Amino acid sequence: MSTRRNASAMKMVGALLALYRQAAGYTQRSLGEHFCISEQQIASIEQGRRPLKPDLAEQLDAFLCTKGALSVAVSRMPEVDLVPLWAEEYLDREREAIAISVYANAAVPGQLQSERYARAVFRSRVPVFDEDEIEHLVATRMGRQEILQRKVPPTTSFVIWEAVLRDHLGGLDVHVEQLRKLRTYADVPGIAIQVLPLGRTSHAGLDGPFVLLETPDHQRLAYMETQRGSQLIADPDGVGILTLKYAMLRTQALNTEDTRDLLDRLLGEA
């Protein structure tokens, strides 16, 4: 169900937070330090660029003695598009990450998708989205790719199962366009793309896709999506296991040079 909040409502909640923070005598930095979050995250909330989560709203109400005002404001915000609450937290962390590692075995990672490929991904969903919903989702996904185009982007690594690259999701034209986009990214400094080839006798990623993130304060997180939901993992043991799996996947995958050669061959065959 749609749960991402519209821009004007987010700005209103952010302005309320700024008002209460200033009245209580806190700077963005000092308030963030109390909740172990960055000054930039507080600034983003106050400017309406990221949503205030219900649990943080409750904590802020208690700390700033606002008698539940922020929680009520968050609960009354309209639901206008298609980014669910469980994904909002991940998207927030992805935007601020200094390192991102992705293992993908069902589709090209969202950060690397072409617009038409992303549209084909969302059109494959069961039950189906209507066309307006699909366009919202595609726009959101394309917006995420700004991360890789920053002047100082995060260090990023992708391991993609070869079967994903041999699928013709969306048709031949979309397939070729997507391969070309991957080939372009494969030459970008700071972005490592590796293909896990078919025909292996061992495979460290059989439990499914996942993402590893490192935040500016060097917290390590993991994110997983399944048929029945998704979760953001902060537990060091859980993150550690997935970090080990990712390291093994990188050794099992083609190196970046051989991956570029494979992409060239696939483009030649298309």
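Residues numbered from 1 in each chain as written. Predicted model: local features only at pLDDT ≥ 70, side-chain atom pairs only at ≥ 80, totals over all residues. Heavy atoms only, no water.

On a plain count of helices and strands, the protein comes out with 12 helices and eight strands. Taken over the C-alpha trace, the protein has a radius of gyration of 20 Å; the compact-globule value for 270 residues is 18 Å, and the two agree within 12%. Structurally, the protein occupies a C-alpha span of about 65 × 40 × 35 Å along its principal axes. The long-range fraction of contacts in the protein, counting pairs at least 24 apart against all pairs at least 6 apart in sequence, stands at 73%. Of the accessible surface of the protein, which amounts to about 14100 Å², a share of 53% is contributed by carbon and sulfur atoms. Each charge class in the protein was averaged separately, 31 positive and 36 negative side chains, and the resulting centres sit 2 Å apart. (Helix = DSSP H or I, 4+ residues; strand = E, 2+ residues; numbered from the N terminus. Rg over C-alpha atoms; globule rule 2.2 N^0.38 Å. Contact = heavy atoms within 4.5 Å. Areas by Shrake-Rupley, 256 points an atom, 1.4 Å probe, with all protein chains shown as cover. Lys, Arg positive; Asp, Glu negative; His and termini not counted. Charge placed at Lys NZ, Arg CZ, Asp CG, Glu CD.)

Of note, R119 is situated in helix α7 (residues 115–123). Note on R119: relative accessible area 14%, which makes it buried. (Buried < 20%, exposed > 50% of the residue type's maximum accessible area, 1.4 Å probe, protein only.)

The pairing of strand β7 (residues 220–226) with strand β8 (residues 229–233) spans five bridges and is antiparallel. Paired with A222 across the strands is I233, a residue of β8. Between β7 and the antiparallel strand that follows it, β8, lie two residues. (Pairing = 2+ DSSP bridges.)

Attention shifts here to the packing of aromatic side chains. A complete count under the given rule lists five aromatic pairs for this structure. An angle of 45° between the planes, with centres 5.1 Å apart, marks the rings of Y26 and F63 as tilted. Of this pair, Y26 sits in the loop between α1 (7–23) and α2 (28–34) while F63 sits in helix α4 (residues 54–64), and the two are 37 residues apart along the sequence. Judged by its relative accessible area of 25%, F63 is partly exposed. (Phe/Tyr/Trp six-rings, centres within 6.5 Å; stacked < 30°, edge-to-face > 60°.)

Here the focus is the confidence of the model for the protein. Keep in mind that low pLDDT regions are not for reading the predicted coordinates in detail. Chain-level statistics for the protein give a pLDDT mean of 89 and a share of 93% at 70 or above. For residues 1–5, every residue scores under 50 in pLDDT, and the model assigns this stretch 23 contacts once sequence neighbours within four places are set aside. (pLDDT = per-residue confidence, 0-100.)

Now for the pattern of salt bridges. Counted under the stated rule, the structure contains 17 salt bridges. The partner of K245 in a salt bridge is D207, with the nearest N and O atoms 2.7 Å apart. Of the two residues, K245 is situated in helix α11 (residues 236–252) and D207 in the loop between β5 (191–196) and β6 (210–214); the sequence distance between them amounts to 38 residues. With a relative accessible area of 21%, K245 lands in the partly exposed category. The partner of R220 in a salt bridge is E214, with the nearest N and O atoms 3.7 Å apart. According to the relative accessible area criterion, E214 is buried, its value standing at 13%. Counted as one network, the salt bridges with shared partners bring together R183, D187, R260 and D264. (Salt bridge = Lys/Arg side-chain N within 4 Å of Asp/Glu carboxyl O.)

Another point: the pairing of β5. In terms of residue burial, β5 counts as a mostly covered element, since six of its six residues are buried. What you see with β5 is no split at all: I191, I193 and V195 on one side and A192, Q194 and L196 on the other are buried throughout. Bridge count for strand β4 (residues 155–161) against β5 is six bridges, and the pairing is parallel. Its bridge partner lying in β5, I160 is registered against V195.

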